[in-house]
Amino acid sequence: KKKIILVSIKKKITSSEIENLGAKFYKKFKDSKLNYYSINTDTVLKGLNHFISYFLHGLKLKSYIFERYKSKKQKKSIFINLVGKNKPSYIDQIQFKEIEDGTFYARDLVSEPGNILHPDEYAKRINSLKKVGLKINIYDNKKLKKLGMNTLLGVGQGSIRGSYLVTMEWKGLKSNSKPLAFVGKGVCFDTGGISLKPAKFMEDMTYDMAGSATV
């Protein structure tokens, strides 16, 4: 038996809307008994050259699951076979794969519990990104004190872990253009200051370093 699935596409559609279509597709069929699908790329309207790329990108992003500490891991895989002439270009494949890898890496960091991803471990993981060509500088307690960053160190005294400021540099252009800087807060677990956070909000505080994970 074959099941034909029709996806309605409006003529003017944004890339994020296409990604959402891919995400909805995954959500609808992730628990289905079917796990093999063929997409006829020739049915996509002309002018939507990157439609398949964004659709698959949205599908892949939605498929993320953090199950590192689960004894029973999800075993189901969904296979997508592309037929037709409008398949993603080689450049699209590389670019979207890089974005997906980076997004999943950030989600892994955010999903880690605070007793695993504490400042010492976080700095260590960032330092491992040297292998992809980033220039990493780690400012530990001693260097932070020398820089006069006493407010950061003052807050950090409440933990047995160290305090860090980590910078990452990527020199893409050869020209002397002005650098573009992103800053992200990396508080690994925020229990609250004068008032402790209530229990039902406390478990979400592993997300407090999401800004730095995104950077």
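Under the defined criterion, the tally for this structure stands at eight aromatic pairs. Note on Tyr 64 and Phe 104: the rings are 5.3 Å apart at their centroids and 35 degrees apart in plane angle, and the pair reads as tilted. With Tyr 64 in the loop between α2 (51-62) and β2 (79-83) and Phe 104 in helix α3 (residues 90-111), this residue pair connects regions lying 40 residues apart in the sequence. The exposure class assigned to Phe 104 is buried, which follows from its relative accessible area of 16%. Ring geometry for Phe 66 against Tyr 69: centres 6.0 Å apart, planes inclined by 65 degrees, an arrangement best described as edge-to-face. Residue class for Phe 66 comes out buried when judged on its relative accessible area of 19%. The class of Tyr 69 is partly exposed, set by a relative accessible area of 47%.

Counting residues in hydrophobic clusters, the biggest one holds 15 residues, and the most contacted among them are Phe 25, Phe 51, Ile 52 and Phe 55. If you list the elements that add at least two residues to this core, you get α1 (15-29), β1 (36-40) and α2. With five residues, the top contributor of residues to this core is α1. Residues within four places of Phe 25 in sequence aside, it is in contact with Ile 5, Tyr 37, Phe 55, Leu 59 and Ile 80.

Turning our attention to the side chain of Glu 67. Within the secondary structure, Glu 67 sits in the loop between α2 and β2. Each residue touching Glu 67, except ones within four places of it in the same chain, is listed here: Lys 72, Lys 73 and Gln 74.

Next up on the list: the layout of surface pockets. Empty space within the second largest pocket amounts to approximately 810 Å³. Surrounding the second largest pocket, 22 residues form its lining, Ile 4, Ile 5, Ser 38, Ile 39 and Asn 40 being those nearest its centre. For the lining of the second largest pocket, the secondary-structure elements that each account for two or more residues are β1 and α2. In terms of residue count, the dominant contributor to the lining of the second largest pocket is β1 (five residues). Considering only residue class, the lining of the second largest pocket consists of 14 nonpolar, four polar and four charged.

Now for the environment of Glu 17. Tracing the backbone shows Glu 17 in helix α1. Setting aside chain neighbours within four positions, we find Glu 17 in contact with Lys 10 and Lys 12.

A cluster of nonpolar residues, Met 168, Leu 180, Phe 182 and Val 215, forms a patch on the protein surface that exposes about 440 Å² of accessible area. Along the chain, Val 215 falls in the segment after α8 (210-214).

Here the focus is α1. Taking 1.5 Å per residue, 15 residues should reach 21 Å; α1 reaches 22 Å between its end C-alpha atoms and fits that length. Close packing links the buried residues of α1 with β1, α2 and β2.

The share of residues in the protein with pLDDT of 70 or more is 100%, and the mean pLDDT across the chain is 90. Within the protein, no element has a lower average pLDDT than helix α7 (residues 199-202), which sits at 82, and none a higher one than strand β3 (residues 135-139), at 97.

What follows deals with α3. With 22 residues, α3 extends 31 Å from end C-alpha to end C-alpha; this agrees with the ideal 32 Å at 1.5 Å per step. Where α3 is buried, its residues touch α2, α4 (119-127) and α8.

The next subject is the side chain of Thr 206. Within the fold, Thr 206 resides in the loop between α7 and α8. Take Thr 206: its relative accessible area is 9%, and that puts it in the buried class. Discounting chain neighbours no more than four positions away, the residues touching Thr 206 are Val 110, Glu 112, Pro 113, Gly 114, Cys 188 and Phe 189.

Each value, and the rule that gives it
Residues numbered from 1 in each chain as written. Predicted model: local features only at pLDDT ≥ 70, side-chain atom pairs only at ≥ 80, totals over all residues. Heavy atoms only, no water. Phe/Tyr/Trp six-rings, centres within 6.5 Å; stacked < 30°, edge-to-face > 60°. Helix = DSSP H or I, 4+ residues; strand = E, 2+ residues; numbered from the N terminus. Buried < 20%, exposed > 50% of the residue type's maximum accessible area, 1.4 Å probe, protein only. Core = buried A, V, L, I, M, F, W, Y, C linked by side-chain atoms within 4.5 Å. Contact = heavy atoms within 4.5 Å. 1 Å grid on protein atoms, 1.4 Å probe; cavity = no way out; pocket = protein on both sides within 12 Å on 5 of 7 lines; lining within 4 Å. Points joined across faces, edges and corners; volume = space filled by probe spheres on them. Nonpolar A, V, L, I, M, F, W, Y, C, P; charged D, E, K, R; others polar. Patch = residues over 30% accessible without salt bridge, like charges linked within 9 Å, V, L, I, M, F, W, Y side chains within 5 Å. Areas by Shrake-Rupley, 256 points an atom, 1.4 Å probe, with all protein chains shown as cover. Salt bridge = Lys/Arg side-chain N within 4 Å of Asp/Glu carboxyl O. Expected span 1.5 Å × (residues − 1). pLDDT = per-residue confidence, 0-100.

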